[in-house]
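Single-letter residue listing:
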Amino acid sequence: DNPTTQFLSNDGMATRLSFRMKDVNAEQMGQVIKAISEDAKRQFPGFEVKTGGMAAMVHPLNAELSQDLIYGLWHSLALITLLLVLVFRSFRLALIAAVPNLLPPLALLATMTYLKTPVKPVVAIIFSIALGLAYNNTVFLLTRLKKIQQSFKGATDVIMRTWYQEGNPCLFSSLAVIGGFSVFLAS
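The following paragraphs examine the structure supplied in this document. Quick caveat, the model's predicted, so the values are computed rather than measured.

Structural notes on the environment of Asn25
And then number 1: The topology assignment puts Asn25 in the segment before α1 (26-43).
And then number 2: On the basis of relative accessible area, Asn25 is assigned to the partly exposed category, the value being 47%.
And then number 3: Distance from Asn25 to Lys120, taken between C-alpha atoms, is 11 Å for residues 95 residues apart in sequence.

Pasting the structure below:
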């Protein structure tokens, strides 16, 4: 008996090579899989070589999903800014709301890029949640600021009044949401 027949498919036209590997980062895994695939093509010319399995699929899917989530974050930021222009009827107020909410995710992405930390789907989702919370508080503060400006024409302490009337409720609601999400810290 030919001992290689046990590694062939029933029709004798296909085989499967399986490798066990330790978990490495996505870039390194991609290089290893590419090298294995090229080596298999050299060893078996004329044959079709397909890659599959967890190692070959999870890292590229995670990278693609993370990229899509980050692009979605920037699209959401632009759409929210446009909505704020319509709601406040002021491009200036929308820009005031957008800039402080744009800087933290931008700084975090720059830091992660500098430290060569990969953006994983969980991190990208956290960006979106943080953006939602930040805009929520920003809209409350700017709405209160606009109302106070209309009621107290010429008042010099409009920002302080806004902060005292709306800042604490925003802070406490954010702390409650942070407390709710803190259960995920153990995972």
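Things to note about helix α4 (residues 121-151)
And then number 1: Taking 1.5 Å per residue as the helical rise, α4 with its 31 residues ought to reach 45 Å, and the 45 Å between its terminal C-alpha atoms agrees with that figure.
And then number 2: Considered for burial, the residues of α4 that qualify are Pro121, Ala124, Phe127, Leu131, Tyr135, Asn137, Thr138, Leu142, Leu145 and Ile148.
And then number 3: Buried-residue contacts for α4 involve α2 (54-88), α3 (91-114) and α5 (158-181).

Here we look at the packing of α2 against α3
And then number 1: Two elements in contact, α2 and α3, have axes whose closest approach is 8 Å; the angle formed by their N-to-C orientations is 165°. For the element pair α2 / α3, the angle class is roughly antiparallel. For α2 against α3, the interelement crossing comes out right-handed. Each of Ile70, Leu73, Trp74, Leu77, Thr81, Leu84, Val85 and Phe88 in α2 lies in contact with α3, whose residues at this interface are Phe91, Leu93, Ala94, Ala97, Ala98, Leu102, Pro105, Leu106 and Leu109.

Brief notes about the packing of aromatic side chains
The geometry of two aromatic rings is summed up by the distance between their centres and the angle between their planes.
And then number 1: Counted according to the given criterion, the structure contains one aromatic pair.
And then number 2: Here the aromatic rings of Phe44 and Phe47 are separated by 6.3 Å at their centres, their planes lie at 80°, and the arrangement is edge-to-face.

So, the side chain of Asn137
And then number 1: In this structure, Asn137 sits in helix α4.
And then number 2: Among residues more than four places away in sequence, those in contact with Asn137 are Cys170, Ser173 and Ser174.

What counts as what
- Residues numbered from 1 in each chain as written.
- Predicted model: local features only at pLDDT ≥ 70, side-chain atom pairs only at ≥ 80, totals over all residues.
- Heavy atoms only, no water.
- Helix = DSSP H or I, 4+ residues; strand = E, 2+ residues; numbered from the N terminus.
- Buried < 20%, exposed > 50% of the residue type's maximum accessible area, 1.4 Å probe, protein only.
- Expected span 1.5 Å × (residues − 1).
- Contact = heavy atoms within 4.5 Å.
- Axes fitted to C-alpha atoms, helices over the stretch in contact; angles between N-to-C directions.
- Parallel < 35°, antiparallel > 145°, perpendicular 65-115°, else oblique.
- Left-handed = near helix turned anticlockwise from the far one by under 90°.
- Phe/Tyr/Trp six-rings, centres within 6.5 Å; stacked < 30°, edge-to-face > 60°.

By themselves, these are just geometric observations and shouldn't be taken as functional.
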